[in-house]
Amino acid sequence: MADNNAKLHVGSGDHAFNVLDGSIGPSVVNISSLYKDTGMFTYDPGFTSTASCESKITYIDGDEGTLLYRGYPIEQLADHGDFLETCYLLLYGELPTKAQKDDFVNRVTYHTMIHEQMNRFFAGFRRDAHPMAIMCGTVGALSAFYHDSTDITDPHQRMVASLRMIAKMPTIAAMAYKYHVGQPFVYPRNNLDYSSNFLHMCFAVPCEEYKVNPVLARAMDRIFILHADHEQNASTSTVRLAGSSGANPFACIAAGIACLWGPAHGGANEAALSMLAEIGSVDQIPEYVARAKDKNDPFRLMGFGHRVYKNYDPRAKIMQKTCHEVLGELGIKDDPLLDIAMELEKIALNDEYFIEKKLYPNIDFYSGITLRALGFPTNMFTVLFALARTVGWIAQWKEMVEDPSQRIGRPRQLYTGATRRDYTPIDQRR
Ligand code: CMC
């Protein structure tokens, strides 16, 4: 890294801080000595100007609408690659050779079953539990079953934990779904590829044969690729922060799942579809657009806007294409929600408010419609996001654990509460 200096004048003092350049993207001012030098902290709620770590995994250019995994554009990976190849790339940094890929696929495939005793965990949940609640609980519970991969100081155990997470997540997600709909669990099938196996575990029933549609399996795989990693977003930062204390990988991923659940993050695809259903018909759209623009109304158009992408979300373009492929394959022509979605997109993209604030449809806008067409209920959408993002979380967690300069994450604050005061006995309080 080449470096130069940034100067800061605070009070009567001048201070210099290194500017560090990455291989691409904005440089950063290294303010790690700021407190020691000046007695001050930085203040950046929402971390809009803060690089929390150094990373070599994923790069986003929000103005250009670029997303690179280990340098490779998302469009190329989605068009030519598959999800497990993307997993290998994210974890190891390079695309695999044929032999490396075969070995990786084999290792993932033979870790797909979960400990039989874990089935009882599912039985402990109410049938109407949200599948994300089941997912949070059961993924956290993995550390109670796989003691031989929780020693984070052992590189072999770290890799085994990583493979286990990637392999078992589809099984857990499918079980959460099956439990929710009251059907028997379907065990993984090792003769199917990753995404076909997942669709099989979700939609097969013991009483009849289920044949996976290859077009739908390919669409599923592409959805997984698009969601695999996204730099230091809220859930990934949560995983890194949890991991910085030395917590085991299963616990860290469970923390990431909990964060992903929120409607401003992974929950947006579910929220987007609920919103389309609430809008109900094309003629109601202007009313909802007006509400989204009204400062006094908390309503937002779900599936629009992004913290980083201010031009367009490159994943949304691929997702839009995939969405039409799936609808075409399934012969869905007249879907009222799709009509509303297309009209809403048109209106919002031509509205001054959305243009000025650079609010474009994001990936969640199209993924909800696609997943619904694939047969998933809305409450499974975020579960599928978590399944796909697991590899990103685990790659980021590994990178952090393997970084010799890693320390526990411990932000500070601007305190605006009461200053020191003395305890008042209860009978003297008013
Ligand atoms: N509808 C209407 N107005 C919006 C929207 C929206 N979806 N998103 C942002 N705005 C307005 C917001 O009111 C604010 O206006 P003003 O400057 O007048 O106060 C301005 O745009 C900037 O918004 P912000 O909340 O400061 O932006 P942010 O970067 O903090 O939030 C976001 C990004 C994605 C949380 C937000 O755009 C949002 O809530 N979108 C809807 C939820 C959604 O689709 N989330 C999925 C994100 S993509 C998947 C993922 O990465 O998890």
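Heads up: the structure comes first, above all this text.
Model, not experiment: these values are computed from the prediction. (Residues numbered from 1 in each chain as written. Predicted model: local features only at pLDDT ≥ 70, side-chain atom pairs only at ≥ 80, totals over all residues. Heavy atoms only, no water.)

## Concerning the pairing of strand S4 (residues 58-61)
Then, number 1: Pairing geometry for S4 and strand S5 (residues 66-69), over four bridges, is antiparallel. Considered in S5, the bridge of Ile-60 is made with Leu-67.
Then, number 2: Between S4 and S5, which pair antiparallel one after the other, the connecting turn spans four residues, and Gly-65 there sits at a positive phi close to 75 degrees. (Pairing = 2+ DSSP bridges. Helix = DSSP H or I, 4+ residues; strand = E, 2+ residues; numbered from the N terminus.)

## Looking at empty space enclosed by the protein
Then, number 1: Considering all chains together, one arrives at one cavity of 30 Å³ or more under this definition.
Then, number 2: Approximately 90 Å³ is the volume attributed to the largest cavity.
Then, number 3: Every residue lining the largest cavity is listed: Met-113, Ile-114, His-115, Glu-116, Asn-119, Thr-171, Met-175, Phe-185, Val-186, Tyr-187 and Pro-188.
Then, number 4: Of the residues assigned to the lining of the largest cavity, the class counts are seven nonpolar, three polar and one charged. (1 Å grid on protein atoms, 1.4 Å probe; cavity = no way out; pocket = protein on both sides within 12 Å on 5 of 7 lines; lining within 4 Å. Points joined across faces, edges and corners; volume = space filled by probe spheres on them. Nonpolar A, V, L, I, M, F, W, Y, C, P; charged D, E, K, R; others polar.)

## What about unusual backbone geometry?
Then, number 1: In this model, Phe-47 sits at a positive phi of 50 degrees, which is unusual for a non-glycine residue.
Then, number 2: With respect to the helices and strands, the residue Phe-47 is situated in the loop between helix H1 (34-38) and S4.
Then, number 3: Phe-47 sits in the exposed class, given a relative accessible area of 57%.
Then, number 4: Backbone geometry at Arg-70 places phi at a positive 50 degrees, although glycine is not the residue there.
Then, number 5: Looking at where Arg-70 falls in the secondary structure, it is placed in the loop between S5 and strand S6 (72-73). (Buried < 20%, exposed > 50% of the residue type's maximum accessible area, 1.4 Å probe, protein only.)

## Details of the site of the ligand
Then, number 1: The ligand sits among 20 residues. The nearest are His-265, Lys-295, Arg-300, Leu-301 and Arg-307.
Then, number 2: Gly-303 is positioned such that a nitrogen or oxygen atom in its backbone is 2.8 Å from an oxygen atom of the ligand.
Then, number 3: Here Arg-307 contributes a side-chain N or O atom positioned 2.7 Å from an oxygen atom of the ligand.
Then, number 4: In the complex, 75% of the free accessible area of the ligand, which totals 940 Å², lies under the protein chains.
Then, number 5: The residue inventory of the shell around the ligand, partitioned by class, reads nine nonpolar, six polar and five charged. (Near = heavy atom within 4 Å. Polar contact = N/O pair within 3.5 Å; in protein donor to acceptor, adjacent residues only side chain to side chain. Areas by Shrake-Rupley, 256 points an atom, 1.4 Å probe, with all protein chains shown as cover.)

Function-wise, these values are silent; they only describe arrangement.
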